[in-house]
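Coordinate analysis (summary)
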Amino acid sequence: MPDWKDYVRKNLRSLHVRPEREIEITEELSGQLEQAYQDALAAGSDANEAERVAKAQLPDFGVLAREIEVAQPAQHRPPARMWQGMPADVRHSLRVMRKSPVFTAVAIATLAIGIGGCTAIFSLIEAVILRPIGYRDPGQLVMVWENQYRRGFHKNSVAMADYLDWKARNHVFSEMSPVLDQIWNFSGKGDPTVLTGLSANERFLPLLGVHPLLGRNFDDEETRAGGPKVAILSHELWVARYSASADAIGQKIMLDGQACTIIGVLPAGFPWLGKPLDVLTPTQFANRDWRVKAGRFLKVVARLKAGVPMAQAQRDMSAIALQLESEYPSFNKDWGVEIEPLSEHFAGGEETALWVLMAAVGLVLLIACSNVANLMLARTVVREREMALRAALGATTQRIIRLLLVESTVLALIGGVLGCAGAYATIRLIGAYGPQDVARLGSAGLNLLVALFALVASFLTGALFGLAPAVAAGHLNLSACLKDGARGVMNSVRGERLRGIFVIAQVGLAFVLLTGASLLIGSLYRLNKVPVGFDPNNVLTGAVSISGGLAPNDSASNSKQPTLAILCQQMIERLRALPGVEDASFITFLPFTGLGAATGFTVVGRPPNGPGQDPVTDVRVVAPGYFNTMRIPLVRGRLFTDGDNTAKVPRGFIVNEALVRQIFDNGTDPLGQSLVVQMGDSTPGQIIGVVGDTKHMSLEGAVRPMVYYVQAQLPIPFGSFVVRTNGKPELMASAMEAAIHEVRKDQPISDVRTMDELIGQSIARARFQTSLLSAFALIAVVLAVIGVYGVIAYTVEQRTHEIGVRLALGAEPQQLKRWITGQGMRLAAAGLVAGVIAAAASTRVLHTLLFGITPGDPVTFFAAMLVLAAACLLASYIPARRAIAVDPATALRGE
């Protein structure tokens, strides 16, 4: 038999305490080792194995000696500093983690998933919402819109006349600038290409607090009608085309066939609403009555005066809108003003979705914390005697709690480091495959603020999941824990209740996430099933701006310069002649690009409407053959022909069924009816055909009325070609560009994409939100199931003797299986009840993200309950089946 007193004295030689206290400590430790040795022998171990088991009961003797020395004079010492002994606690934690590699690996992996997910989503929030937008005093910058809620116009473009009156009458803005989105054909330096940019006045850059990196800003003369043609290049275009040479200033470039002088270069990464900006040009609007035959086409950016709050600015501008409505009822009836902080406009309406995702991944982290807390509670059983012995030797409750909290924090920090690595990979994937139209989404990364968030999250997580096990270990019953076969804190009723609470929380939180993900999946499914009204398969598109060198629209057909319609038709015919092309045509605003035009109209012969009461229609200009190319069905009448594509024939319109339903719902035949559409010269035209409804702006919402012009009747020099192929359309991209160049060699074509890509891009945000939330929900369900399995498996292990007795006494195995499985299902049922209540309250925040489904959809709730209940049943069944397979004799002997 080992001499345990000698073993203790040899290992505690560095102990510096009073001799009588050293004898007491030696007696206590040797008695503990002797008890463990005898327990192991009684369990069937041989002498060597029993000795090894007994020695494993004590921690590292060096750490134990320090604990004893610190504990001895506690009543005579001043309070220890908070950080005193912390390095030793950290080293001890690392040693404990090495001795339990499976526990350590599982805990760290679980925490890494939760912390990494939170870090990844926070990086998106930091980039899109929290990061300053790069202008001077950005809190004072606003976008000013018009609205007419009666017609469904929210954040509508602004009329030039209204902008001029706002500028003259307002008392809340120090500066205002109109902004006009532009697309140009660029030539004069390198290959011709299509550029995107803005036109604005001379106050635009000073208003934002931006100064040209090179050269100068516009002056007053350059922003007047007929002023010099000048341009300021983006930094990226300057580097690409002029190799960042200062000699670029003063050189000429061609924009849409007009020579413009380069007068400046913008700073690198000029952040206008997060969209590409190649060229900035001055607005040069003529002096005219902008309320006569003029639409709403401007964006307006403004800077609030110092000390003017947003609410005051809104009241002031709304008062001006009422004045304009009274003065110009025919133009301004029901038109109001809406002010939006520029930072919100920058985020593109993604705030709700990103905060929902942050809340979702936060729930995943809470589930991970519950899971690891349960693991640590189970691990406390193994260490109960160690903790009791520390307490018996003088360690205070606060000391034990701190030691375990240090261990949990070290685990969380390691998990946080690994989580950051996972977050980095996730951010890269989101940047590559996430929606490309969200400003600054691609700039998300692990910067200093994100790293600080990960560090704080790790510390808080460590405290959160480590607190319950630490407090439980700090309140041990010393005599009970040191007795042979005693039930410690983890085997007590309180311990079982605590484990159950953690499992219930995991199941409830998982149900909330699963329900939210299911709602988004259902919404996305319904979006994908929305009919678009045309056949998008095998259609290739390419955007062009056709300008310069064109004859007037009403010129003779033998003119040396073709009209826009003739030139466009030549390009279409060349595209149709390509091998593998079935048909081709042209439209001004391609479906699902987010662009379009709308205006009011009247029916000739009907009584005039009151001011602002005219119905509104979308307007598109197409080339003959467009409806056949897109396979939009003709409902009645006829389609445009080549004979219609001239300015010399009476105007004819093709309308969609939505317009017929709105205007001719009394059974009147629409064919032959004349409309006055307030677009161009507003010449009346007869309806010659009715086509099926198509989706244009997005898949959501009702189809809007539509009037189609033939190209020669409303010549707009930009739009997109549509080419239907009999094979993969993306393979025709180079041939499409070559065909355009055969007709006009310097004509650039851009944004070549398939129609399927355009439709997919229109739901990219919904798909992005659904994918992330679904991934979080899957992780949550897996963690919750693991939690249920862990608790039931642990219960079975602790009750092995009881199960053996029941089996030995003739209990039916199936009855025992139902009893064990029922324990898990009772926890799951409680979690589901809590989850249903929480989900009913929380899923309401998803209403703006859903389509065709309500946040409280009962089918979704019921399906989520079935999935989670089935998973929990499986998690409970596996340990139950393993339990009844135990041999009773082995179970009783092992106990």
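This section reports on the structure supplied with the text. Source: prediction; values computed, not measured.

Most of strand 15 (residues 597-603) is tucked away, with 5 of its 7 residues classed as buried. Inspection of the sheet shows strand 15 paired to strand 16 (residues 616-622) by 4 bridges, in the antiparallel sense. Counted as the bridge partner of Ala598 is Asp618 from strand 16. Pairing geometry for strand 15 and strand 19 (residues 674-677), over 3 bridges, is antiparallel. Paired with Val603 across the strands is Leu675, a residue of strand 19.

In this section: the side chain of Asp316. One can find Asp316 in helix 10 (residues 310-327). Ignoring sequence-local partners within four residues, the contact set of Asp316 consists of Asn170, His171 and Val172.

Scanning the entire structure with this criterion turns up 15 aromatic pairs. Arranged with centres 6.4 Å apart and planes meeting at 75°, the rings of Phe204 and Phe270 form a pair that is edge-to-face. One end of the pair, Phe204, is in helix 8 (residues 204-208); the other, Phe270, is in the loop between strand 9 (258-265) and strand 10 (279-282), with 66 residues separating them in the sequence. Residue classification places Phe204 among the buried positions, given a relative accessible area of 0%.

In this section: the environment of Ala311. Topologically, Ala311 is positioned in helix 10. A relative accessible area of 47% places Ala311 in the partly exposed class. Each C-alpha atom of the pair Ala311 and Ile339 lies 9.1 Å from the other, and the pair is 28 residues apart in sequence.

What follows concerns the packing of helix 18 (residues 564-576) against helix 21 (residues 733-743). Where helix 18 contacts helix 21, the axes come no closer than 9 Å and their chain directions differ by 135°. With respect to helix 21, the element helix 18 is oriented oblique. Between helix 18 and helix 21 the crossing geometry is right-handed. Contacts between helix 18 and helix 21 involve Leu567, Gln570, Met571, Arg574 and Leu575 from the former and Met736, Ala739, Ile740, Glu742 and Val743 from the latter. Considered class by class, the residues forming the contact of helix 18 with helix 21 number 7 nonpolar, 1 polar and 2 charged.

This structure, assessed with the given rule, holds 0 disulfides. Looking at Cys118, it has no disulfide partner, and the nearest cysteine sulfur is the one in Cys369, 8.9 Å off.

Moving on, we get to a nonpolar patch on the surface. A surface patch of nonpolar side chains, about 550 Å² in accessible area, is lined by Leu449, Leu452, Leu455, Val456, Phe459 and Leu460. Here Phe459 is to be found in helix 15 (residues 448-473). Classification of Phe459 as partly exposed rests on a relative accessible area of 42%.

Another point: the side chain of Thr515. You can see Thr515 is positioned in helix 17 (residues 493-528). Overall, Thr515 belongs to the buried group, its relative accessible area being 0%. A polar side-chain atom of Thr515 sits 2.8 Å from the main-chain carbonyl oxygen of Phe511. Once you skip the residues sitting within four places of it in the chain, Thr515 turns out to touch Ala839, Thr843, Thr860, Phe861 and Ala864.

Each value, and the rule that gives it
Residues numbered from 1 in each chain as written. Predicted model: local features only at pLDDT ≥ 70, side-chain atom pairs only at ≥ 80, totals over all residues. Heavy atoms only, no water. Buried < 20%, exposed > 50% of the residue type's maximum accessible area, 1.4 Å probe, protein only. Helix = DSSP H or I, 4+ residues; strand = E, 2+ residues; numbered from the N terminus. Pairing = 2+ DSSP bridges. Contact = heavy atoms within 4.5 Å. Phe/Tyr/Trp six-rings, centres within 6.5 Å; stacked < 30°, edge-to-face > 60°. Axes fitted to C-alpha atoms, helices over the stretch in contact; angles between N-to-C directions. Parallel < 35°, antiparallel > 145°, perpendicular 65-115°, else oblique. Left-handed = near helix turned anticlockwise from the far one by under 90°. Nonpolar A, V, L, I, M, F, W, Y, C, P; charged D, E, K, R; others polar. Disulfide = S-S within 2.5 Å. Patch = residues over 30% accessible without salt bridge, like charges linked within 9 Å, V, L, I, M, F, W, Y side chains within 5 Å. Areas by Shrake-Rupley, 256 points an atom, 1.4 Å probe, with all protein chains shown as cover. Salt bridge = Lys/Arg side-chain N within 4 Å of Asp/Glu carboxyl O. Polar contact = N/O pair within 3.5 Å; in protein donor to acceptor, adjacent residues only side chain to side chain.

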